[in-house]
Amino acid sequence: MTRSASDYNAFTMALKAMIRRRRRAPETVLASQGSDQWPWESTDIDYDMHVIREVIGKYLSSFDVKQDYFASFFSLVVPHNMRNHYCPECLREDITAIEFPYWRKAWTYCMTAYCYQHKRLLVTMRSGPSTYDRAWQAFKEEAFDSPSNAFRVMRDRLAIRVQRWYFGRPSFNTLGLENTQSTRALFDLTYSLLLKRRTRFEEGGYACALARENRGQVTPKSMPLTERIQTGVSISSPLQRAYALILTGMILGLILPSQISSFVGLAKQSGVPWPSTPFVIGKMAILYSNREEYLELRKLYSATPPDLIAQCAEFFRGLEHAVYSLRDEYSSQDRLWLESGTPHQRWLVFPDL
Ligand SMILES: [Zn+2]
C-alpha cells in the first residue's frame, strides 16, 4: 500500500507531538509499567508497518524507539474507520499541555468503555470518523454527559473494575479468577455475545437491549450468529460496553454478590431490569431460533477448559435453558443427549448430533 505525502506529514507531526510530550525515550517509560499511565497514554497510529519501519530507521532510532511501540497489546481492536469513542477530558488536557489533541491507543480496544485517567465513560463522535484530524474533530464537538445518579456511579465503578481486570491493570482484586489466556478467551466470547449485532430478523445482544441503544445498528439482512458476534463488538457504544463488562463480570465472578444485589436494586429504581444471576444472563444472552445456532454457539465455546465451564455453570445452565424452544426440532438422538448429565456438563464436550 502506498501512502501520499500528506499522509506521511500527518504521521510525522503526530510523532513529533508524541516525542515532545515525553521528552524522553519511550523505552524509559516502558520501565515504569506500574502506573496507570501506560500503555493507555500512547498514541493510536494505524499506519502500515512499512512506513513505521522507515521512520524508525531514519528518524526515531536516535530516540531509542522500537517497532514494538506501535503494536497493539490486545487482539480485539476496532477497525480504524470505526474508532470513534474518546474521552473529551483527555483532549482538553492535551490542548493545555501540548497544544495538540491526540487519539489514544487505549480507546481503540473493543473492551474499552472507560478512560482510566478521568474514570469516565467514553463519548462517541457525532461527525463521521475521519483519519488524521479526528482528535481535532472530536475536540470541537460538545460532549453531553447524562446527569449522575447513584445507579450510574455504581455502574461506572463496577464496569471500570472489570475493564481493569481484563487489561491486567495493577492493583485489581482478581476475586480468585486469574487473568490468563483461557479466561480472557472466555471473556472475549461472552462479552461479544452480549453485544451481538441486531438484524431485522435476529435479536441484538442482551447488553444492547438493557442499554436500550440499538438504533442505527440494525442490519437489514440476516446474518450467521458468528458474524453477528464478531461485528457487534466493533460497533458497540461505550454504554453498551459498560453493560457488557458488568454482565460478563457477573458471569465470571469478578463482582461480589453483595455488590450485585445493591446494583440490581439501584438499577430497578432507574427502570433498568438488571438480571440478578448468571442463569438469567445466560437465558437472555441467546434465544435460539434454530438448532444450527445452538450448535454454532456450542462450537464457539468448545475451547473453554472444563474448570472454567464448571466455574460458570450457572451461565451455561442459562444458555442451555433456551434450547427448550427448539423442542420440535429434536431427533430421538438429540433427546438422549439432552437428558444426559447436568446442563453445564453437556458443554464440556461438543455434541455428536
Ligand atoms: Zn480521559
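Our subject is the structure listed above.
So, a few notes on the structure that sits alongside this text. Everything numeric in this text was worked out from a predicted model, so none of it was measured.

### Here we look at the overall build of the chain
Part 1 of the argument: Counting its regular elements, the chain contains 17 helices and four strands.
Part 2 of the argument: Within the chain, the fraction of its 353 residues that count as buried is 32%.
Part 3 of the argument: A sequence separation of at least 24 residues applies to 76% of the contacts in the chain between residues at least 6 apart.

### Some details on the packing of helix α6 (residues 150-166) against helix α10 (residues 238-252)
Part 1 of the argument: Where α6 contacts α10, the two axes come as close as 8 Å, and the packing angle between them is 70 degrees. Taken together, the axis directions place α6 and α10 in an arrangement best described as roughly perpendicular. Where α6 crosses over α10, the two elements pack in a sense that is left-handed. Where α6 abuts α10, its residues Arg155, Leu158, Ala159, Val162 and Gln163 lie against Ala242, Leu245, Ile246, Thr248 and Gly249.
Part 2 of the argument: Classifying every residue of the contact of α6 with α10 by side-chain character gives six nonpolar, three polar and one charged.

### Observations regarding the nonpolar core
Part 1 of the argument: Judged by nonpolar contacts, the single largest core of 67 residues is most densely connected at Leu122, Ala159, Leu194, Ala207, Tyr243, Ile246 and Leu247.
Part 2 of the argument: Looking at this core element by element, the count peaks at 10 residues for α10.
Part 3 of the argument: Residues lining this core come from more than one domain, with at least three contributed by each of domain 1 (5-140) and domain 2 (150-346).

### Points about unusual backbone geometry
Part 1 of the argument: Positive phi values are uncommon outside glycine, yet Lys119 reaches one of about 45 degrees.
Part 2 of the argument: In this structure Lys119 comes out as exposed when scored by C-beta crowding, with 12 C-beta atoms within 10 Å.
Part 3 of the argument: In this structure, Arg212 takes a positive phi of about 50 degrees despite not being glycine.
Part 4 of the argument: Tracing the chain through its elements places Arg212 in the loop between α8 (206-211) and α9 (225-235).
Part 5 of the argument: A tally of 12 C-beta atoms within 10 Å means that Arg212 is categorised as exposed.

Reading the values: rules and limits
- Residues numbered from 1 in each chain as written.
- Predicted model: local features only at pLDDT ≥ 70, side-chain atom pairs only at ≥ 80, totals over all residues.
- Helix = DSSP H or I, 4+ residues; strand = E, 2+ residues; numbered from the N terminus.
- Buried ≥ 20, exposed ≤ 12 C-beta atoms within 10 Å, placed from the backbone.
- Contact = placed C-beta atoms within 7 Å.
- Axes fitted to C-alpha atoms, helices over the stretch in contact; angles between N-to-C directions.
- Parallel < 35°, antiparallel > 145°, perpendicular 65-115°, else oblique.
- Left-handed = near helix turned anticlockwise from the far one by under 90°.
- Nonpolar A, V, L, I, M, F, W, Y, C, P; charged D, E, K, R; others polar.
- Core = buried A, V, L, I, M, F, W, Y, C linked by C-beta atoms within 7 Å.
- Domains from an automatic or database assignment.

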